[in-house]
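# Report on the structure
Each chain is listed here by its residues.
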Amino acid sequence: MIGAHDFLKAIADRGGVRGGSAIVVAFGGVQNVDDPTVARALLEHFEHVASEATATIARLSPHDLACLCSAEQAPRLLAAVEELNGLVTEQGLGSVRADRYVLPRDGRALADRIRTIVGNPDPARAARLHRDRRDDLGLLLRMEQMLRQADISSLVHHQAIFDFSKPRAPVPFALELTVSLAFLADRLGIPLAQNPWLFDKATLLLDRRMLSHLVHDRGRHDEPYAINLRVASVLDPGFPDLIGRLAARDHETLIVELSEADRSTDPQAFAAAVRELDRLGMHTAFHAGGWDSLGTLVAAEGEPAGRFLRHVDFLKVRWDPADLERPPAEVEALADLVRRAGTGRVVLERAETEVAIEFALRVGIHLMQGFGVTDRVQAQRTKERDRAAARARRAARQPDDPAEEAPKRGILRKMFRI
């Protein structure tokens, strides 16, 4: 085990460890960590587990360790911290907390954190940080308990993805199941948006609760359905077992959507998650974001940065009203990008207006999702039902045999001397 100075030097010597991670583990939240025997046992146990994933482990303070590892090993180290934290919380003795710093992006934040730990910070500030960590953990435990006890089906929002291959008769393609974190935060009374650490943990809790909901609560269905998952959830050691508990029919129609945020944070872990979903036979969708991001990835599909696209079934692009201002040449370039990406796998999401739908059709996108899409499909269906009803009424008013109507008209003429 090395000290803080040597730890920072190790990062510098490896050139920022692009694609690597530093994990700071804080044992200060354990209630009896001041006991030398307890502290030594906790730290030695973690050091033993961590040494299987990395050789660079530093003692920053009596109660803080730091590890330098590759992106592939980071989930393993974080899982070890979660296991140790579970043991401590089960005993009601506080918590063990880990913070991950993706390098070189988070290098400055990591350096500040280490200086805070080793630089004899102001006692009041240190007490405030400790209190904040304790309060965050308390909120996380309360949220986990409430989610575990809640009927999540009442929180799940359904939004259809429609196939406009025949624009006059779009058909449902898949159903996306989501839970609004803003709505959840409001319902639980927990400020998620202002707390990145808590927000991150909340999404992981929600992933597992959603998977449990699929296993236990959903009935049989025919259409594919999609759920959003974090990369960490897919790479969790228990994920294959949980997915294996889905019915075979559900297993074949499940689409797992991964985000650009997770890919940019840790490309190696993201690629590993895509491979894992492919190994498990899952369909995969990727929220590419905007057109520039999609274009960069499609251009790099044969290179390491974009190789994961080979295993992705659907690519989601977010609608941007600014696209309406594009000159014809740029629109044609987008149409070419859709062709190269595959017209059968590009999905336009957040399409809220008629012009968004028309633009998507113009560049060759057939799969669309959004309130505007749903409204248009419902309006078309209502119009078609009205037309069918009108046809039925006209057919009911017409006689089965037109020849039978002629004598009746003749009789009427005689009666009224017409």
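Bear in mind that the values here come from a model prediction, so they are computed numbers and not experimental data.

A few words now on the overall build of the protein chain. A count of helical and extended segments in the protein chain gives 17 helices and twelve strands. Residue burial in the protein chain is summarised as follows: out of 418 residues, 43% are buried.

Once that is clear, we can look at the sheet that holds strand 8 (residues 254-259). A barrel is described by the order of its strands in space; here eight strands give the closed sequence 5-6-7-8-9-10-11-12, paired in mixed fashion. The sheet shows a mean angle of 30° between the axes of neighbouring strands, direction not considered. Here three bridges tie strand 5 (residues 157-163) to strand 12 (residues 367-369), and the two strands are oriented antiparallel to one another. Opposite Ile161, over in strand 12, you have Gln369 as the bridge partner. Packed on one face of the sheet, helix 7 (residues 196-216) meets strand 6 (171-178), strand 7 (225-228) and strand 8 and runs near 155° to strand 7. Packed on one face of the sheet, helix 13 (residues 291-299) meets strand 9 (283-289) and strand 10 (314-318) and runs near 125° to strand 9.

The next thing to look at is the packing of helix 2 (residues 36-50) against helix 3 (residues 74-90). At a closest axis distance of 10 Å, the pairing of helix 2 and helix 3 adopts a crossing angle of 150°. Taken as axis vectors, helix 2 and helix 3 run roughly antiparallel relative to one another. For the pair helix 2 and helix 3, the sense of crossing is right-handed. Taking contact as the criterion, the partners of Leu42, His45, Phe46, Val49 and Ala50 in helix 2 are, on helix 3, Leu77, Ala80, Val81 and Leu84. Among the residues making up the contact of helix 2 with helix 3, the classes are represented as eight nonpolar, one polar and no charged.

Looking at where Asp207 falls in the secondary structure, it is placed in helix 7. Polar side-chain contacts of Asp207 include one of 2.7 Å to the backbone nitrogen of Arg230. A polar contact is formed between the side chain of Asp207 and the side chain of Ser233, at a distance of 2.6 Å. Not counting residues within four places of it along the chain, the set of residues in contact with Asp207 comprises Asn228, Leu229, Arg230 and Ser233.

Turning to unusual backbone geometry, a few remarks are in order. Residue Pro104 is reached from Leu103 by a cis peptide bond, and omega for that bond is 5°. Within the secondary structure, Pro104 sits in the loop between strand 4 (97-102) and helix 4 (107-118). Residues other than glycine seldom take positive phi values, yet Arg350 does so here, at roughly 60°. Within the secondary structure, Arg350 sits in the loop between strand 11 (346-349) and helix 15 (354-362).

We now examine empty space enclosed by the protein. A full pass over the atoms with the stated rule returns two cavities of 30 Å³ or more. Taken as a whole, the largest cavity spans an internal volume of roughly 50 Å³. Lining the largest cavity are Ile161, Phe173, Ala226, Ile255, Glu257, Ala285, Phe314, Lys316 and Val347. Among the secondary structure elements, those contributing two or more residues to the lining of the largest cavity are strand 8 and strand 10. Its residues assigned to classes, the lining of the largest cavity comprises seven nonpolar, no polar and two charged. Along its surface, the second largest cavity is lined by His45, Phe46, Val49, Ala80, Glu83 and Leu84. Taken together, the elements giving at least two residues each to the lining of the second largest cavity come down to helix 2 and helix 3. Class assignment of the residues belonging to the lining of the second largest cavity gives a composition of four nonpolar, one polar and one charged.

Okay, the pattern of salt bridges next. Side chains bearing opposite charge may pair, as long as their charged atoms lie close to each other. Inspection of every chain in the model, using the stated rule, returns 20 salt bridges. Residue Asp99 pairs with Arg113 through a salt bridge whose shortest N-O separation is 3.1 Å. Of the two residues, Asp99 is situated in strand 4 and Arg113 in helix 4; the sequence distance between them amounts to 14 residues. Summarising the burial analysis for this pair, Asp99 and Arg113 share the class buried. Between Arg339 and Asp336 there is a salt bridge whose closest N-O contact spans 3.8 Å. One end of the pair is Arg339 and the other is Asp336, both in helix 14 (residues 328-341) and three residues apart, which spans about a single turn. On the basis of relative accessible area, Arg339 is assigned to the partly exposed category, the value being 48%.

What follows deals with the environment of Trp291. Summarising the element assignment, Trp291 is placed in helix 13. Take Trp291: its relative accessible area is 7%, and that puts it in the buried class.

So, how was this worked out
Residues numbered from 1 in each chain as written. Predicted model: local features only at pLDDT ≥ 70, side-chain atom pairs only at ≥ 80, totals over all residues. Heavy atoms only, no water. Helix = DSSP H or I, 4+ residues; strand = E, 2+ residues; numbered from the N terminus. Buried < 20%, exposed > 50% of the residue type's maximum accessible area, 1.4 Å probe, protein only. Pairing = 2+ DSSP bridges. Axes fitted to C-alpha atoms, helices over the stretch in contact; angles between N-to-C directions. Contact = heavy atoms within 4.5 Å. Parallel < 35°, antiparallel > 145°, perpendicular 65-115°, else oblique. Left-handed = near helix turned anticlockwise from the far one by under 90°. Nonpolar A, V, L, I, M, F, W, Y, C, P; charged D, E, K, R; others polar. Polar contact = N/O pair within 3.5 Å; in protein donor to acceptor, adjacent residues only side chain to side chain. 1 Å grid on protein atoms, 1.4 Å probe; cavity = no way out; pocket = protein on both sides within 12 Å on 5 of 7 lines; lining within 4 Å. Points joined across faces, edges and corners; volume = space filled by probe spheres on them. Salt bridge = Lys/Arg side-chain N within 4 Å of Asp/Glu carboxyl O.

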